[in-house]
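Analysis of the macromolecular model
Spelled out from the first residue to the last, the chains are:
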Amino acid sequence: MSVAPTSPLPVLKAADYATDQDVRWCPGCGDYSILMQTKKVLAKLGVDRSKTVFISGIGCSSRFPYYMNTYGFHSIHGRAPTFATGLKLARPELDIWVATGDGDALSIGGNHFLHVIRRNLDVKILLFNNRIYGLTKGQYSPTSEHGKKTKSTPMGAPDYPIRPLSIAIAAGATFAARSMDVDVKHLEYVLERAAKHVGTAVVEIYQNCNIFNDGAFDYATDKTTKSDTTIYLEQGKPLVFGNGTKGIRLREMNPEVVDLASTPKDDLLVHNEQAQPAVPFLLSRMRQPDLPEPMGIMRSVEKERYVSVVRAQNEEALAKQGPGDIQQLLDGPETWTVS
Amino acid sequence: MLSGVTVRFAGDSGDGMQLAGTQFTDTSALVGNDISTLPDFPAEIRAPAGTLAGVSGFQIHFSSNDIYTPGDDVHALVAMNPAALRTNLRSVVSGGIVIVNEDAFTPKDVTKAGYAKNPLEDGTFSNYRLIKVPINKLTAAAAKDTGLGAKDIDRCKNMFALGLVYWLYGRPVEPTVNYIKSKFSKKPAVEQANTLALKAGYAFGETTELFNEQYQVPKAKLAPGKYRKITGNEAVAIGMVAASKLANKELVYCSYPITPASDILHNLSTFKNYGVVTFQAEDEIAAIGAAIGASFGGALGVTGTSGPGIALKAEAIGLAVMTELPVVIVDVQRGGPSTGLPTKTEQADLLQVMYGRNGECPVPIIAASSPADCFNATIEAFAIATKYMTPVILLSDGYIANGSEPWVVPQFDKLEKIKIEHPTQKNDDRGFMPYKRNADGARPWAIPGTAGLEHRLGGLEKQDVTGSVNYEPANHEKMVRLRQAKVNNLKPAGPDILWTGPTSGDLLIVGWGSTYGAIKAATLELRNAGVAVAACHIRYMNPLPAKLAEMLKNFKHVMVPEMNLGQLRLLLRSKYLVDAKGLNKVRGQPFTIGEVVAGAKSLLGGEVPAGAQEIAMAGAEDAGIGGGG
């Protein structure tokens, strides 16, 4: 992400990033908010539309590129990271975003999700998690709760759900964060941090599918419950929630809820975005109803980016061997002449 | 004096037979013979020593005449152990030379190879000239002063065998001595041991009375020019680099390791100083996804694989058809279905690459006809892909990928440039129209980073001209037909047919891909015998050559030899309503010249050739063509 402008920035508005296409998500869908906050962040950062590419797979979320007036590629189910990888290899200077969903990224595209993260490709992944298949009209997804009754699981989903950020952190994510569609300020903050991150950023966004899984995140978004069910992470600050009444303490490697009336704040886990992966992994496992679900940046570290390594190898070969002589390559190791 | 000889080295996969064969080939090429080779790898990396499954072979045909195949029959076999003898002896001509390493014929190894008793002692060789050489002992004696351990010295026995065969055919040892020197420059003892073994083998031939003659194969009368030896996979790799230079574009090669295509990745990964970017993907789908992504970015995106990989890439090839992006897909075919015969050759992916995708999904297909032809075919694939904005599939197979032949090295400056333009301006009053076509039916290749041309591509049906998502019935039909017409009307970037013989007669032999050599040689042989035959070898499988319809009418019979059960034949019969007969072989081995000749004779004699599909379907062991196993 190149955010250091060398010339005066044109003043951009979110609307400058909109296309002429009618947005075709269902009225009331959480995707609208994600689209709006993304456009706002790009406008705020003065991002050059011509050097920005949104790539998606298949699913409701994957319509995203059609609504961004940048370059875009609506590819095939689960495979968006592969197209992003080839594009980044060919054009390292481009800012590439991947819009994906829980089915797209974690089911059919699970393999690519792992590898784009472990390579630290330097793309921003927006993972719209609605815990359901929307486009195919309501089957359970890899993040659906165990026992969830859907069209394809009338007696309840037999699978156990996957936690997207656990996977990301296990794969070595250099940036892993969570936000939700309705908390627009927080979402904007997280997206801005992701945009500025140097490396692959994974942002899980709790997104309400008001048609097939309405209210899936009510516990986390409802004003009356959210202070008890979620916990907002802040760098260097202890993990406090419940309107300042409760905190998270690690005991024998287990996070537990403590009452701040009886426990000093010094005992609490202090958030550190650069902590060992075990810590953000642990945060990524915290789940209702036992524990509040963390929102914010779980991990943000720097690591050499894949394309930098690849390009450096090419530079090194060039420096050591000199520019390749194509005729020499055709001639090969040995020639003979017939006269 | 001999005009042509076929030698086969055979041993355990750890015996260094591929190296011995390659060295013999290089030296034969350097002394001016025409050459053609057939490496035959075992499927297992290291099958248990001494077993039939572990036998690795390398066959070289070298000649003073033009040759087109690695040879039908073996004139000299080197068998390093009983298993190598057992699996290869039947290929040796009657009266042929069989050199065996008698040290390896222990009762245990004899049994392991499935012999009831030692074949060296039971009259098995009455029809051959058997030469028993204690290669282990002689190699050990030659290298005893090098300070190497017994195990390391034992590894030099391929060089002893090579030295012996060098003497037999009057080849110099110097090229291999030089090779050993550069290969083991950091291991002087190993270098010394190998060199001593090589020279000892040569001297053994010279001094022993086992052989009473030495054979000479004079230089071939090849056309003047600068030659090198090349395999198909090498030719594909350097063809890709050449194409990127001709197009002035970066090459991004994305691949997942798969036999027999991996050497393309290995080769290209050493060409970084030519501006080549290689990407070893997490799977076959990621490989083509990345190739398409690179092409979207304006590079030459390319992926290489074999049949199972093509199956996995099918959906993405469809996306490249829909988004009309140039991407080259190399399919080095192998025996199938499923994992099949990974190290053996076959031509059974033709219908897969032609039709193996959802929807109406036309893709131009070019089939290379020989190892050297892979070079031109690769450049043509890029030229077509970028000119017409389409994925292009390049077919090779295990036979030409690993086989080698001499190649007249082209002068790079004289190769035709690949012209590519990326628009920088809007192409319509309404703005940039990503699906507004030129006269060739190609849409503009606008790339990210170009201000003002921002657009969105994708797999949903596109509206004509604007490229917006569109589901209208008439638009869909129009787009399906436009995509088809673009492929149907494309102009080949090289010869679409290789023709041998006259343009009319009794029999036309139609082939494609790696059968070129065997069909051409068979056609020439038949013509010398007075048969009115010609051969038509197709390089452009889709669209099929325009003049083919007319050509097929000028012959009384049409025969289609293929290493499958009749895939091209099916296409020819359906498209041209021609009563083409098949000559089909699916044994993981290429056709011999004799098989094609026999097939032609049998067809002209009024019979359906043995091995034609109708008979092959019967399923008898001898249903293939005779002598092929």
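**Let's talk about the overall build of chain B**
The number of helices and strands found in chain B is 21 helices and 21 strands. Here the C-alpha atoms of chain B give a radius of gyration of 26 Å, agreeing with the 25 Å that 2.2 N^0.38 yields for 629 residues. Buried residues in chain B amount to 62% of all 629 residues. Excluding contacts between residues fewer than 6 apart, the proportion of contacts in chain B whose partners are at least 24 apart in sequence is 76%. Carbon and sulfur atoms provide 52% of the accessible area of chain B, an area that totals close to 23300 Å². In chain B, the 61 positive side-chain charges and the 60 negative ones have mean positions that sit 3 Å from each other.

**Digging into the overall build of chain A**
If you tally the helices and strands in chain A, you get 11 helices and 12 strands. For 339 residues, the compact-globule formula gives about 20 Å, and the C-alpha radius of gyration of chain A, at 23 Å, lands near that figure. Overall, the C-alpha framework of chain A stretches about 95 × 50 × 45 Å when taken along its three principal axes. The long-range fraction of contacts in chain A, counting pairs at least 24 apart against all pairs at least 6 apart in sequence, stands at 66%. Carbon and sulfur atoms provide 53% of the accessible area of chain A, an area that totals close to 14400 Å². Taking the average location of the 38 positive side-chain charges in chain A and that of its 37 negative ones, the two points are 3 Å from each other.

**Description of the pattern of salt bridges**
Enumeration according to the criterion identifies 44 salt bridges over all chains in this entry. The salt bridge involving Arg573 of chain B is made with Asp579 of chain B; its shortest N-O contact spans 3.2 Å. Within the structure, one salt-bridge network assembled from shared partners comprises Lys88, Asp122, Lys124 and Arg305 of chain A.

**Some words on the nonpolar core**
Counting 105 residues, the largest nonpolar core has Ile55 and Ile117 of chain A together with Ile292, Val510, Leu548 and Leu568 of chain B as the members making the most contacts within it. No other element matches the eight residues that helix 11 (residues 284–296) of chain B contributes to this core. Non-local contacts of Ile55 of chain A, meaning those with residues more than four positions away in its chain, are made with Pro65, Phe73, Ala80, Phe83, Ala84, Leu87, Ile96, Trp97, Val98 and Ala99 of chain A. In this structure, Ala261, Ala368, Val409 and Ile418 of chain B belong to the second largest nonpolar core, which totals 55 residues.

**Quick notes on the sheet that holds strand 21 (residues 581–584) of chain B**
All names here are of chain B. Judged by pairing direction, the sheet is mixed, and its five strands sit side by side in the order 16-18-17-20-21 without closing on themselves. Each end of this open sheet is capped by a strand with a single partner; those strands are strand 16 (497–500) and strand 21. Within this sheet the neighbouring strands show an average axis-to-axis angle of 25 degrees, counted without direction. Against the sheet, helix 19 (residues 567–576) makes contact with strand 17 (505–512), strand 18 (533–538), strand 20 (555–562) and strand 21, and its axis sits at roughly 145 degrees relative to strand 20, the strand it touches most.

**Some words on the domain arrangement of chain B**
The accessible area lost on association of the parts is a frequent measure of interface size. Residues and elements named next belong to chain B. Partitioning chain B into domains gives domain 1 (4–207), domain 2 (230–414) and domain 3 (497–604). One C-alpha centre belongs to domain 1, the other to domain 2; they are set 34 Å apart. Opposite the 14 residues of domain 1 that make contact, domain 2 presents eight residues. When domain 1 packs against domain 2, close to 810 Å² is buried across both sides, 53% of that on carbon and sulfur atoms. One salt bridge connects Lys344 with Asp40, and the closest N-O pair in it is separated by 2.5 Å. At the boundary of domain 1 and domain 2, one finds four residue pairs in polar contact (both at pLDDT 80 or more). Class assignment for the residues of the side of domain 1 that touches domain 2 results in seven nonpolar, five polar and two charged.

**Some thoughts on the packing of aromatic side chains**
According to the stated counting rule, one finds 22 aromatic pairs over all chains in the structure shown. Plain terms: the ring middles of Tyr306 of chain A and Phe279 of chain B are 6.1 Å apart, the flat faces sit at 75 degrees to each other, and that makes the pair edge-to-face. Pair noted here: Tyr306 of chain A is in helix 10 (residues 306–321) and Phe279 of chain B is in strand 9 (residues 276–280), and the two residues belong to different chains. Each member of the pair, Tyr306 of chain A together with Phe279 of chain B, is buried. Each member of the aromatic cluster is reached from another via a ring pair, and the members are Trp25, Tyr32, Phe54, Phe64, Tyr67, Trp97 and Phe128 of chain A. Across the ring face of Trp445 of chain B, the terminal group of Lys249 of chain B is positioned such that the distance to the ring centre comes to 5.3 Å. When the ring centre of Tyr435 of chain B is taken as origin, the NZ or CZ atom of Arg443 of chain B, which lies over that ring, is 5.1 Å away.

**Brief notes about the sheet that holds strand 7 (residues 225–231) of chain B**
One open sheet holds the three strands; their spatial order is 12(A)-7(B)-14(B), and the pairing between them is antiparallel. Across the chains shown, the open sheet's two edge strands, defined by having one partner strand only, are strand 12 (336–338) of chain A together with strand 14 (404–408) of chain B. In this sheet, neighbouring strand axes are inclined to one another by 40 degrees on average, regardless of whether the strands run parallel or antiparallel. Most of the contacts of helix 1 (residues 17–30) of chain B go to strand 7 of chain B, to which it runs at about 170 degrees, and overall it touches strand 12 of chain A together with strand 7 and strand 14 of chain B.

**Thoughts on unusual backbone geometry**
Here Gln288 of chain A and Pro289 of chain A are connected by a cis peptide whose omega angle stands at 5 degrees. Tracing the backbone through its elements, the reader meets Pro289 of chain A in the loop between helix 9 (278–285) and strand 11 (293–300). Cis geometry marks the peptide bond from Thr259 of chain B to Pro260 of chain B, where omega comes out at 0 degrees. By the element assignment, Pro260 of chain B lies in the loop between strand 8 (251–255) and helix 10 (262–268). Its identity is not glycine, yet Arg131 of chain A carries a phi of approximately 55 degrees, on the positive side. When you line up the elements, Arg131 of chain A lands in the loop between strand 4 (124–129) and helix 5 (164–170). What makes Arg131 of chain A buried here is its relative accessible area of 5%. Non-glycine residue Met389 of chain B carries a positive phi angle of around 50 degrees.

**Examining the interface of chain A and chain B**
Each partner contributes residues to the interface: chain A has 59 residues there, and chain B has 68 residues. For chain A, the biggest contributors to the area lost against chain B are Tyr71, Leu330 and Trp336 of chain A; these three give 17% of the whole. Applying the counting rule to chain A against chain B returns four salt bridges. The tally of links between chain A and chain B comes to 33 residue pairs in polar contact (both at pLDDT 80 or more). When residues of the side of chain A that touches chain B are traced back to their parent elements, those giving at least two are strand 2 (71–74), helix 2 (80–90), helix 4 (110–118), helix 10, helix 11 (326–331) and strand 12 of chain A.

What counts as what
- Residues numbered from 1 in each chain as written.
- Chains lettered and ligands numbered in written order.
- Predicted model: local features only at pLDDT ≥ 70, side-chain atom pairs only at ≥ 80, totals over all residues.
- Heavy atoms only, no water.
- Helix = DSSP H or I, 4+ residues; strand = E, 2+ residues; numbered from the N terminus.
- Rg over C-alpha atoms; globule rule 2.2 N^0.38 Å.
- Buried < 20%, exposed > 50% of the residue type's maximum accessible area, 1.4 Å probe, protein only.
- Contact = heavy atoms within 4.5 Å.
- Areas by Shrake-Rupley, 256 points an atom, 1.4 Å probe, with all protein chains shown as cover.
- Lys, Arg positive; Asp, Glu negative; His and termini not counted.
- Charge placed at Lys NZ, Arg CZ, Asp CG, Glu CD.
- Salt bridge = Lys/Arg side-chain N within 4 Å of Asp/Glu carboxyl O.
- Core = buried A, V, L, I, M, F, W, Y, C linked by side-chain atoms within 4.5 Å.
- Pairing = 2+ DSSP bridges.
- Axes fitted to C-alpha atoms, helices over the stretch in contact; angles between N-to-C directions.
- Domains from an automatic or database assignment.
- Buried area = accessible area lost by both parts, 1.4 Å probe.
- Polar contact = N/O pair within 3.5 Å; in protein donor to acceptor, adjacent residues only side chain to side chain.
- Nonpolar A, V, L, I, M, F, W, Y, C, P; charged D, E, K, R; others polar.
- Phe/Tyr/Trp six-rings, centres within 6.5 Å; stacked < 30°, edge-to-face > 60°.
- Lys NZ or Arg CZ within 6 Å of the ring centre and 35° of its normal.

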